Amino acid sequence: MSAIVGKKLGMTRVFTEDGSSVPVTVIEAQPNKVTAIRRADRDGYDAVQLAADQVEPEDKLTKAELGHLKKAGAPALRTLVEFRDAEVGGGAGDESEGEGEEGEKTEAGPVKVGDDITVASFEPGQRVKVSAVSIGKGFQGTIKRHNFSRGPESHGSHNVRAPGSIGASADPARVFKGMGMPGQMGARRVTQRGAHVVEVDAERNLLLIRGSVPGGKNATVEVRSDG
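Okay, so let's go over this structure. Every value quoted in this text rests on a predicted model; they were computed, and no experiment measured them. (Residues numbered from 1 in each chain as written. Predicted model: local features only at pLDDT ≥ 70, side-chain atom pairs only at ≥ 80, totals over all residues. Heavy atoms only, no water.)

Some points on the pattern of salt bridges
In a structure, side chains of opposite charge can pair up when their charged atoms sit close to one another.
Point 1. Tallied over the entire structure, the rule returns twelve salt bridges.
Point 2. A salt bridge links Lys112 to Asp115; the shortest N-O distance between them is 3.6 Å.
Point 3. Since its relative accessible area comes to 17%, Asp115 is described here as buried.
Point 4. Close ionic contact of Asp226 with Arg127 constitutes a salt bridge, the shortest N to O distance being 3.3 Å. Of the two residues, Asp226 sits in the segment after β14 (220-225) while Arg127 sits in strand β9 (residues 127-133), which places them 99 residues apart along the sequence.
Point 5. Relative accessible area serves as the criterion here: at 5%, Asp226 is assigned to the buried category.
Point 6. Take Arg127: its relative accessible area is 42%, and that puts it in the partly exposed class.
Point 7. Here the residues in one salt-bridge network are Arg127, Arg193 and Asp226, joined through shared partners. (Salt bridge = Lys/Arg side-chain N within 4 Å of Asp/Glu carboxyl O. Buried < 20%, exposed > 50% of the residue type's maximum accessible area, 1.4 Å probe, protein only. Helix = DSSP H or I, 4+ residues; strand = E, 2+ residues; numbered from the N terminus.)

A short note on the pairing of strand β1 (residues 3-15)
Point 1. Direction of pairing for β1 relative to β14: antiparallel, over a ladder of five bridges. Bridge pairing links Ala3 to Arg224 in β14.
Point 2. Examined bridge by bridge, β1 and strand β2 (residues 21-28) share eight bridges and lie antiparallel to one another. If you follow Val14 over to β2, its bridge partner there is Val22.
Point 3. Linking β1 back to β2 in an antiparallel pair, the connection comprises five residues, with Gly19 at a positive phi of about 90°. (Pairing = 2+ DSSP bridges.)

Points about unusual backbone geometry
Point 1. Here Glu56 and Pro57 are connected by a cis peptide whose omega angle stands at -5°.
Point 2. Mapped onto the fold, Pro57 is located in the loop between β4 (47-54) and α2 (63-71).
Point 3. Positive phi, close to 60°, is recorded for Ala187, a residue that is not glycine.
Point 4. One can find Ala187 in the loop between β11 (183-185) and β12 (189-201).
Point 5. Under the relative-accessibility criterion, Ala187 is labelled partly exposed at 45%.
Point 6. Here Asn205, not a glycine, exhibits a phi torsion of approximately 60°, which is positive.
Point 7. Structurally, the position occupied by Asn205 is in the loop between β12 and β13 (206-210).
Point 8. Relative accessible area serves as the criterion here: at 15%, Asn205 is assigned to the buried category.

Purely spatial values, then, with no claim about function.
In structure tokens:
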């Protein structure tokens, strides 16, 4: 499984050999540092923890966070993400097979605390899923939030964008959970599946993924292989 934490730069398009235009999202993923490896016999689950997004000065992080990163030989990195049940492949130049110091075995090579994970662990055409916090839309009505249809606009109707009936009165005398109602829209974790890697630029630490992915500009995104 390939996985990395990066930053969404925006969208553009690239052209294939036959001249077709392909919309892509550009994700910048600086080398991630492996800061911890979880094992089922010790921690109750299997996971690889990656750290990214360096900050300066270091005092923006707590002493506990800095101490945890120091054990892995990592600088002051703001974002820590655990990829569960993952055997994250190594970066460029890591082609051996075997087990790491923490007992993790991968196709690209042993992964151990202190290793660097780069975009080179991905390849064009690979199926991936991308997770991020979606763009917040604020408080919205049912038409925008749930794609409800509007009411009639003629003959004095006052029910143009109103949600309409939400249930009976005396029985059950309450509103059922999950009812489509106005409220906060967006600003929550979303995972986009079925995306594909179009291009990998290892020199500039860039991943080009076909189509759109969750999150706004400069949002932190998690990219991992899907299936």
